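Spelled out, the chains give:
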Amino acid sequence: MIVLSVESSCDETSVSLIRDGKEVLSNVVLSQIDIHKEYGGVVPEIASREHIKGVTMVFEEALRNAKIDKKDIDLVAVTKGPGLIGSLLIGVNAAKAFAYANDIQIVGVHHIAGHIYANALTKDLVFPLICLVVSGGHTELILMKEHYNFIKLGETMDDAVGEAYDKVARTIGLGYPGGPLVDKLAATGKPSYHMPDISMGDTFDFSFSGIKSHVINLVHNINQRNEVLNVPDLCTSFQEAVTEVLVSKSIRAINEFDAKMFMIAGGVAANKGLRKKIAERITNVEVVVPEFKYCTDNAAMIGIAGYYQFQKDQKVDDMKLNGSSRLNLI
Amino acid sequence: MKKSLKRLIIDSSTKYLYVALYSDFQCLGKYYQSGNNDHSINIMGEIESIFSMNNIKVSDLDEIIVGIGPGSYTGLRIGVVVAKMFGWNNGIPVKTVSSLALIASSFDGDKLILAEMDARRGNSFLGLYAIENGKLLLQDEEQLTNLEEYKSGIQGAYDVVSFGEPNIPLIIHSEIALLCKDIHGLNPNYLRLTEAERNLK
Ligand SMILES: [Zn+2]
């Protein structure tokens, strides 16, 4: 079964072709990151304008790279949300028009399901499994007892973890996107700054707004006292506290639900500090981390998720399929 | 007998979504409805139902005419992306036309026609048109400015037209739809930079 998939929920226009939910025949990603850098973050209207500029070119390149004839495509899968609405609507309508013009069935896929299924490219999933979803928009602990069955154990009560990273990066004057820069610097410092308790007790929920404000105040006070801020140490202290809460709650979920596999998903899954801590601490179950290139937004992950979504109940969408900026996975 | 020319016309730049299928100058089916941010839900479903009623496929089209704005950004892009996708996928020639010209075409009279769309913050997208010898002609560059100010500079009698169902035979006769030479380069005409870009300057 060949799936053509489309992802446009934020600032990446991407089209991919996948065979049998496993073999990536092509995965073209047109990133706008250099355009948005100038503004210190993604500007939604600019993102939408860039998506419509590039969309047919990305389709063309993905088909060419995959050496697949349109006639051989069995299913179109497209991200229906959550994300930036103007961006989503370009992908959704491009995908619907493509599906209709070529007489192919279409399914709308949840963006986070895509991030989770990026792991299926690395390993066959074994259930039950726990997945930690960490990105600029999400922080969730998910339990899966079978394919395409998601149970949310907990989520962030305020900021997503990636959001907190970007805010900290901005506070200490690093560029955009700041998360990877904080991660890089954190590898060189010591956890010398005190950080607040962000454990949220016995729940599987998270909260990052407190630690974010703490860092902002800390930097402000140091500047006021004309002291020198040790940037690497601050990054290490922040990253240590954040990854600690992510990993310890993951371990608790693994034990409580007798998970056989643990995976991470989302843009922050590329964080080296987080990967290192997972490798050190989670040793009793199989750990899967997605390849770096499948951590950030891409259509391949949507294609795999779309494949399993279709396998589960054979349900497809019609031409009324719409994008939605807010959308629950479960 | 010469085969008739099948045209799909799309405009989603205002709160009215317009989709029509023409065979030469005869309308085979159309949808013209005011909606509330739901062009994305309706556009493909309406195309599908018009096409199936006429037993036509995308590959049967000879030409697509699409309103490329100016207009409401998010809505506008929905029509343009569908036209762009059909044009690229099936190699169908796509012609672009001003969405203001489509509004102007809906009106019949002997005065000038000022097609107007609200662009918020006291501004409008404006296009001044005249009908001469059965053709719709643009009189001045289309622009984004204050409606009252613009009106004060118009010489001669005019009617302001803010919406109306496009008159496709008039648009075709007027030859104001221009062939897009590079389908990948087909983009809306926003008539304005984004706020972020303006602030950066
Ligand atoms: Zn994402």
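Rules behind the numbers
Residues numbered from 1 in each chain as written. Chains lettered and ligands numbered in written order. Predicted model: local features only at pLDDT ≥ 70, side-chain atom pairs only at ≥ 80, totals over all residues. Heavy atoms only, no water. Helix = DSSP H or I, 4+ residues; strand = E, 2+ residues; numbered from the N terminus. Contact = heavy atoms within 4.5 Å. Areas by Shrake-Rupley, 256 points an atom, 1.4 Å probe, with all protein chains shown as cover. Donors = N, O, S within 2.8 Å, 3.2 Å for Na, K, Ca; no water. Buried < 20%, exposed > 50% of the residue type's maximum accessible area, 1.4 Å probe, protein only. Core = buried A, V, L, I, M, F, W, Y, C linked by side-chain atoms within 4.5 Å. Polar contact = N/O pair within 3.5 Å; in protein donor to acceptor, adjacent residues only side chain to side chain. Buried area = accessible area lost by both parts, 1.4 Å probe. Salt bridge = Lys/Arg side-chain N within 4 Å of Asp/Glu carboxyl O. Pairing = 2+ DSSP bridges. Axes fitted to C-alpha atoms, helices over the stretch in contact; angles between N-to-C directions. Domains from an automatic or database assignment.

## Looking at the overall build of chain A
Here is step 1 of the chain: Along its length, chain A carries 10 helices and 10 strands.
Here is step 2 of the chain: Contacts spanning at least 24 positions in sequence make up 73% of the contacts within chain A whose residues lie at least 6 apart.
Here is step 3 of the chain: Summing over all exposed atoms, chain A offers an accessible surface of approximately 13,100 Å²; the carbon and sulfur share of this is 50%.

## A short note on the coordination of the zinc ion
Residue and element names in this part refer to chain A.
Here is step 1 of the chain: Note on the zinc ion: its protein donors are His111 (NE2), His115 (NE2) and Asp297 (OD). The metal-donor distances range over 2.1 Å.
Here is step 2 of the chain: Here the donor residues for the zinc ion map to a single chain with the spacing H-x3-H-x181-D. Taken as a pair, His115 in helix α4 (residues 111-117) and Asp297 in the loop between β10 (286-288) and α10 (299-313) lie far apart in primary sequence, 182 residues in all.
Here is step 3 of the chain: A residue is classified by how much of its surface remains accessible, and Asp297, at 13% relative accessible area, is buried.

## A few points about the nonpolar core
Here is step 1 of the chain: The biggest cluster of nonpolar side chains holds 64 residues, and the ones touching the most others in it are Leu4, Leu17, Phe59 and Phe98 of chain A together with Ile47, Phe51 and Phe86 of chain B.
Here is step 2 of the chain: Look past the residues within four positions of Phe59 of chain A in its chain and what remains in contact with it is Leu4, Val6, Val15, Ala94 and Phe98 of chain A together with Met85 and Trp88 of chain B.
Here is step 3 of the chain: One finds Val134, Val161, Ala164 and Leu229 of chain A within the second-largest nonpolar core, a separate group that totals 46 residues.

## Looking at the environment of Asn230 of chain A
All names here are of chain A.
Here is step 1 of the chain: Mapped onto the elements, Asn230 comes out in the loop between α7 (209-224) and α8 (231-256).
Here is step 2 of the chain: Taking C-alpha positions, Asn230 is 9.9 Å from Val219, a pair spaced 11 residues apart along the chain.
Here is step 3 of the chain: There is a polar contact of 3.0 Å between the side chain of Asn230 and the backbone nitrogen of Asp233.

## Description of the environment of Met44 of chain B
Here is step 1 of the chain: For Met44 of chain B, the location among the structural elements is in helix α1 (residues 39-53).
Here is step 2 of the chain: With a relative accessible area of 0%, Met44 of chain B lands in the buried category.
Here is step 3 of the chain: For the pair Met44 of chain B and Val82 of chain B, spaced 38 residues apart in sequence, the C-alpha separation works out to 8.1 Å.
Here is step 4 of the chain: Setting aside residues no more than four positions away along its own chain, Met44 of chain B makes contact with Lys96, Ala97, Tyr100 and Met319 of chain A together with Val82 and Phe86 of chain B.

## A closer look at the interface of chain A and chain B
Here is step 1 of the chain: The partner chain B presents 35 residues to the 31 residues of chain A that form the contact.
Here is step 2 of the chain: Roughly 3,000 Å² of surface becomes buried between chain A and chain B when both sides are summed, with 64% attributable to carbon and sulfur atoms.
Here is step 3 of the chain: Among the residues of chain A in contact with chain B, Arg49, Ile52 and Tyr100 of chain A are the three that bury the most area, contributing 24% of the side total.
Here is step 4 of the chain: Summed over the shared surface of chain A and chain B, the number is one salt bridge.

## Describing the sheet that holds strand β2 (residues 12-19) of chain A
Think of a sheet as strands paired side by side through backbone hydrogen bonds, with each pair either parallel or antiparallel.
Residue and element names in this part refer to chain A.
Here is step 1 of the chain: The strand order across the open sheet formed by five strands is β3-β2-β1-β4-β5, and the pairing between neighbours is mixed. The sheet terminates laterally at β3 (23-31) and β5 (105-110), the two strands that pair on one side only. Sheet twist, expressed as the mean angle between neighbouring strand axes with direction ignored, is 20°.
Here is step 2 of the chain: Of the pairings in the sheet, the one linking β2 to β3 comprises eight bridges and is antiparallel in character. Each residue of the ladder has a partner; that of Leu17, found in β3, is Ser26.
Here is step 3 of the chain: In the packing of helix α3 (residues 85-101) onto the sheet, the strands contacted are β1 (2-7), β4 (75-81) and β5, and the crossing angle to β4 comes to about 160°.
Here is step 4 of the chain: This element, α10, spans β1, β2, β3, β4 and β5 of the sheet and lies at about 125° to β1.

## Comments concerning the pattern of salt bridges
Here is step 1 of the chain: All told, the structure shown has 27 salt bridges over all chains when counted by the stated rule.
Here is step 2 of the chain: For Lys152 of chain A, the salt bridge identified is with Glu155 of chain A, shortest N-O distance 3.2 Å.
Here is step 3 of the chain: Taking relative accessible area as the criterion, Glu155 of chain A reaches 30% and is therefore assigned partly exposed.
Here is step 4 of the chain: Residue Lys151 of chain B pairs with Glu148 of chain B through a salt bridge whose shortest N-O separation is 3.4 Å. With a gap of three residues between them, Lys151 of chain B and Glu148 of chain B both fall in helix α4 (residues 147-152), about one helical turn apart.
Here is step 5 of the chain: Counted as one network, the salt bridges with shared partners bring together Glu240, Glu244, Lys277 and Arg281 of chain A.

## Brief notes about the domain arrangement of chain A
All names here are of chain A.
Here is step 1 of the chain: Partitioning chain A into structural domains gives domain 1 (2-117 + 294-313) and domain 2 (124-289).
Here is step 2 of the chain: Taking the mean C-alpha position of each, domain 1 and domain 2 sit 27 Å from one another.
Here is step 3 of the chain: For the pair domain 1 and domain 2, the two sides together bury roughly 1,700 Å², of which 68% comes from carbon and sulfur.
Here is step 4 of the chain: Our count for the contact surface shared by domain 1 and domain 2 stands at two salt bridges.
Here is step 5 of the chain: Lys22 is the partner of Asp124 in a salt bridge, and the nearest nitrogen-oxygen pair spans 3.0 Å.
Here is step 6 of the chain: On the surface where domain 1 and domain 2 come into contact, there are five residue pairs in polar contact (both at pLDDT 80 or more).
Here is step 7 of the chain: Taken together, the elements giving at least two residues each to the side of domain 1 that touches domain 2 come down to α1 (33-37), α4 and α10.
Here is step 8 of the chain: Looking at the side of domain 1 that touches domain 2, the element that brings in the most residues is α4, giving five residues.

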